[in-house]
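# Chains, contacts and geometry: an overview
The primary structure of each chain is shown beneath.
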Amino acid sequence: MYTEKVMDHFQNPRNVGEIENASGTGTVGNAKCGDIMRIYLDIDENQVIRDVKFKTFGCGAAVATSSMATEMVKGKTVQEAMEVTNKAVMEALDGLPPVKVHCSLLAEEAIHAALWDYAQKNGIVIEGLEKPKSDISEHEEDEEY
Ligand code: FES
């Protein structure tokens, strides 16, 4: 039911851990399943994401999507990182089963929350970035899959 890429990222997740004195951190949860995701970003003076780590109490799909999402934002500017949506991450993983699509939102929302934290601390505006929700369960109902 899972693609090879999903299994690979689930079994060998990239960028697990935490960053001390991160430029931005974001934590989001999904009230329905109780899963939690935290993302740490290390961003340099040119607004390039130098390093990124994640920690999760999440299911396999959440682990795989976060692993892939962190790989995709690494080396990008904070503005480019906004293009790493859960859809883009799912495509990079060759798809997720429909019931697991909401899990991929944890990674996207946590990255956005960490970017928001960074932007607030540095007084900058990241185009298209909205104040993060701490709980994504309501949002998920309105999504079209
Ligand atoms: Fe909760 Fe996947 S079931 S993140």
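So, here is what we can say about the structure in this document. (Residues numbered from 1 in each chain as written. Predicted model: local features only at pLDDT ≥ 70, side-chain atom pairs only at ≥ 80, totals over all residues. Heavy atoms only, no water.)

Quick look at the overall build of the protein chain now. Helix and strand counts for the protein chain come out as 6 helices and 3 strands. Scanning the protein chain from its N terminus toward the C terminus, one meets helices and strands in the order α-β-β-β-α-α-α-α-α. Expected size for 145 residues packed as a compact globule is a radius of gyration near 15 Å; at 14 Å, the protein chain falls within 12% of this value. Seen through its C-alpha atoms, the protein chain measures out along the principal axes to roughly 45 × 30 × 25 Å. (Helix = DSSP H or I, 4+ residues; strand = E, 2+ residues; numbered from the N terminus. Rg over C-alpha atoms; globule rule 2.2 N^0.38 Å.)

Summarising the element assignment, Met1 is placed in the segment before helix H1 (4–11). Remark: the alpha-carbon pair of Met1 and Leu96, spanning 95 residues in sequence, is separated by 8.3 Å.

Met37, Ile39, Leu41, Ile49, Leu115 and Ile126 are the most contacted members of the largest nonpolar core, which totals 38 residues. At the level of secondary structure, the elements contributing two or more residues to this core comprise strand E2 (35–43), strand E3 (49–57), helix H2 (60–73), helix H3 (78–81), helix H4 (86–92) and helix H5 (101–122). The element that contributes the greatest number of residues to this core is H5, accounting for 11 residues. Residues contacting Leu115, with those up to four places away along its chain left out, are Leu41, Val78, Ala81, Met82, Ile126 and Leu129. (Core = buried A, V, L, I, M, F, W, Y, C linked by side-chain atoms within 4.5 Å. Buried < 20%, exposed > 50% of the residue type's maximum accessible area, 1.4 Å probe, protein only. Contact = heavy atoms within 4.5 Å.)

The next subject is unusual backbone geometry. Residue Asn15 is not a glycine yet carries a positive backbone phi of 65°. Tracing the sequence through the fold places Asn15 in the loop between H1 and strand E1 (24–30).

When the terminal C-alpha atoms of H5 are compared, their 33 Å separation across 22 residues agrees well with the 32 Å that a helix rising 1.5 Å per residue should span. Of all 22 residues in H5, 18 are buried, a share of seventy percent or more. (Expected span 1.5 Å × (residues − 1).)

Moving on to the packing of H1 against H2. A pair of packed helices can be characterised by two numbers: the angle between their axes and the separation between those axes. Packing of H1 against H2 leaves a shortest axis separation of 8 Å and a crossing angle of 90°. With respect to H2, the element H1 is oriented roughly perpendicular. Between H1 and H2, the residues in contact are Val6, His9 and Phe10 and Gly60, Val63, Ala64, Ser67, Met68 and Glu71, respectively. Across the contact of H1 with H2, the residue classes break down as 5 nonpolar, 3 polar and 1 charged. (Axes fitted to C-alpha atoms, helices over the stretch in contact; angles between N-to-C directions. Parallel < 35°, antiparallel > 145°, perpendicular 65-115°, else oblique. Nonpolar A, V, L, I, M, F, W, Y, C, P; charged D, E, K, R; others polar.)

Here we take up the sheet that holds E2. Taken in spatial order, the 3 strands line up as E1-E2-E3 in an open sheet, and their pairing is antiparallel. The strands lining the two open edges of the sheet, one partner per strand, are E1 and E3. The sheet shows a mean angle of 15° between the axes of neighbouring strands, direction not considered. Strand direction decides the pairing type here: E1 and E2, joined by 7 bridges, are antiparallel. In the strand pairing of E2, Gly24 is matched with Leu41. (Pairing = 2+ DSSP bridges.)

In the contact formed by H2 and H5, the axes pass within 7 Å of each other and the chain directions differ by 40°. The angle between H2 and H5 falls in the class oblique. As for how H2 packs across H5, the hand of that crossing is right-handed. Residues Ala61, Ala62, Thr65, Ser66, Ala69 and Val73 of H2 lie in contact with H5, whose contacting residues are Cys103, Ser104, Leu106, Ala107 and Ile111. Taken together, the residues of the contact of H2 with H5 sort by class into 8 nonpolar, 3 polar and no charged. (Left-handed = near helix turned anticlockwise from the far one by under 90°.)

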